[in-house]
Amino acid sequence: MDTYRPEEQGVSQSNAYSNNGYGQNSQYGYEPNYNTAGGYNYNSNTQTTSGYNYNPNAQSAGEYNYDPNPYATGGYGANGYAQNGYDMGGGYESGNPVQMSGLKNFANIISNEVVAKSYLFMMVALFITAGAALTTSPAFAMRIVLSNGYWAFVVAEIAIVCGANSAITKNKPILAGVLFAVYSYMTGMLFSIFFVIYTGESLASVFFMCAGMFAVMAIYGMVTGKDLSSLGSICMMGLVGIIIAGVVNLVFIRSGMFDFAVSVVGVLVFVGLTAYDANKTKRLALTTDSDNAMSIALYCALELYLDFINLFLKLLQLFGKRK
């Protein structure tokens, strides 16, 4: 029988067959186990860095048996999928398989179940707040604010938020959703006062200003490849600062200029928190399993809703035109 010589066919032995495969107990230089069950047995070292890794026991059942880890050593070579995740060109950061970034992946980000539901729930909560503000009598809201029952109302709202967070922690999305809706409605009841204090045109312009700023920062938080946790920490410290400053100004200083300065800082704080919470929503969404997806979506929606409401209040203090 004639011996097959690859060099005569212009094929390098190192490129076509393994160093120990050619000419050993075989007809054409494949591995010694060639045709153990009637088929071709490719070398296990063939193409280990470029993709298709064939199992040494190929054809053990009569058909091509691919290796269970066909994309060993990173998949389609060094320029394809990185060992630890998709590379920057593919929309994922190298070394972090769950950190989706880039404007070209924006559609993929917002189509994620948790992200989509987070913004949907936030929008529903805003509609509930707007509906409550439009249907509640401003005189009734004014009586609440001017009476001793105002602080009881505020404490009740805080308790509802704490209850919603507790329900989310215990993965009870229905209870959390109901409490979120109640909180949104109570907030709208108080907001009905604004129709007495500010002009309708002013309220509309401030709302659209707030919506635009919120949208820009939310998109930035979702598409950036950075972890904005440090920004969130700074903004949380700023939030504590403006709360303390607001109380001090209300009780002791009572200065309009000081209140204006606090409002400016407040806008910056809630703009930063919007980007941070949007970024956190993306990160949580890409690491959440199906069991608690609804609870995580409600948690993120509540955080984003609070950012929007507080940003609206600060902008209204700065740009709202009183009647």
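Heads up: these notes are all about the structure in this document.

To continue, consider the overall build of the chain. Secondary structure summary: the chain contains eleven helices and zero strands in total. Reading the secondary structure of the chain in the N-to-C direction produces α-α-α-α-α-α-α-α-α-α-α. Residue burial in the chain is summarised as follows: out of 323 residues, 38% are buried. Taking as baseline every contact in the chain between residues at least 6 positions apart, the subset at least 24 positions apart corresponds to 66%. Accessible surface, the chain as shown: approximately 18,000 Å² in total, 61% of it carbon and sulfur.

Bringing the pattern of salt bridges into the picture now. Enumeration over the complete set of coordinates arrives at three salt bridges. A salt bridge links Arg283 to Asp227; the shortest N-O distance between them is 3.6 Å. Of this pair, Arg283 sits in helix α10 (residues 256-285) while Asp227 sits in the loop between α8 (200-223) and α9 (229-253), and the two are 56 residues apart along the sequence. Classification of Arg283 by relative accessible area gives partly exposed; the value is 21%.

Relative to the helices and strands, Met237 is located in helix α9. On the basis of relative accessible area, Met237 is assigned to the exposed category, the value being 60%. For the pair Met237 and Val269, spaced 32 residues apart in sequence, the C-alpha separation works out to 9.1 Å.

This part covers the packing of aromatic side chains. Counted according to the given criterion, the structure contains nine aromatic pairs. Their ring planes at 70° and their centres at 5.2 Å tell us that Tyr150 and Trp151 sit as a pair that is edge-to-face. On the accessibility criterion, Tyr150 (24% relative accessible area) is partly exposed. We classify Trp151 as exposed; its relative accessible area is 59%. Taken together, a centroid distance of 5.0 Å and an interplanar angle of 40° make the contact between Phe191 and Phe194 tilted. According to the relative accessible area criterion, Phe191 is buried, its value standing at 13%. In this structure an aromatic cluster arises from ring pairing among Phe191, Phe194, Tyr198 and Phe312.

This next bit is on helix α6 (residues 173-191). At 3.6 residues per turn, the α-helix brings residues three or four places apart onto the same side. With 19 residues, α6 ought to run about 27 Å at 1.5 Å a step, and its terminal C-alpha atoms sit 27 Å apart, in line with that. Residues of α6 that are buried in the fold lie against α3 (113-135), α4 (138-146), α5 (149-169), α7 (194-197) and α11 (293-319).

Turning next to the side chain of Asp277. Position of Asp277 relative to the elements: it lies in helix α10. Using a relative accessible area of 3% as the deciding quantity, one classes Asp277 as buried. In contact with Asp277, not counting residues within four places along its chain, are Glu303, Leu304 and Asp307.

Contact pair α3 / α8: the axes reach a minimum separation of 14 Å and the direction vectors enclose 165°. As judged from the angle between their axes, α3 and α8 are roughly antiparallel. Read as a crossing pair, α3 and α8 show a hand that is right-handed. For the pair α3 and α8, the contacting residues are Val115, Tyr119 and Met122 in the first and Phe214, Ala218 and Met222 in the second. Classifying every residue of the contact of α3 with α8 gives six nonpolar, no polar and no charged.

About the thresholds
- Residues numbered from 1 in each chain as written.
- Predicted model: local features only at pLDDT ≥ 70, side-chain atom pairs only at ≥ 80, totals over all residues.
- Heavy atoms only, no water.
- Helix = DSSP H or I, 4+ residues; strand = E, 2+ residues; numbered from the N terminus.
- Buried < 20%, exposed > 50% of the residue type's maximum accessible area, 1.4 Å probe, protein only.
- Contact = heavy atoms within 4.5 Å.
- Areas by Shrake-Rupley, 256 points an atom, 1.4 Å probe, with all protein chains shown as cover.
- Salt bridge = Lys/Arg side-chain N within 4 Å of Asp/Glu carboxyl O.
- Phe/Tyr/Trp six-rings, centres within 6.5 Å; stacked < 30°, edge-to-face > 60°.
- Expected span 1.5 Å × (residues − 1).
- Axes fitted to C-alpha atoms, helices over the stretch in contact; angles between N-to-C directions.
- Parallel < 35°, antiparallel > 145°, perpendicular 65-115°, else oblique.
- Left-handed = near helix turned anticlockwise from the far one by under 90°.
- Nonpolar A, V, L, I, M, F, W, Y, C, P; charged D, E, K, R; others polar.

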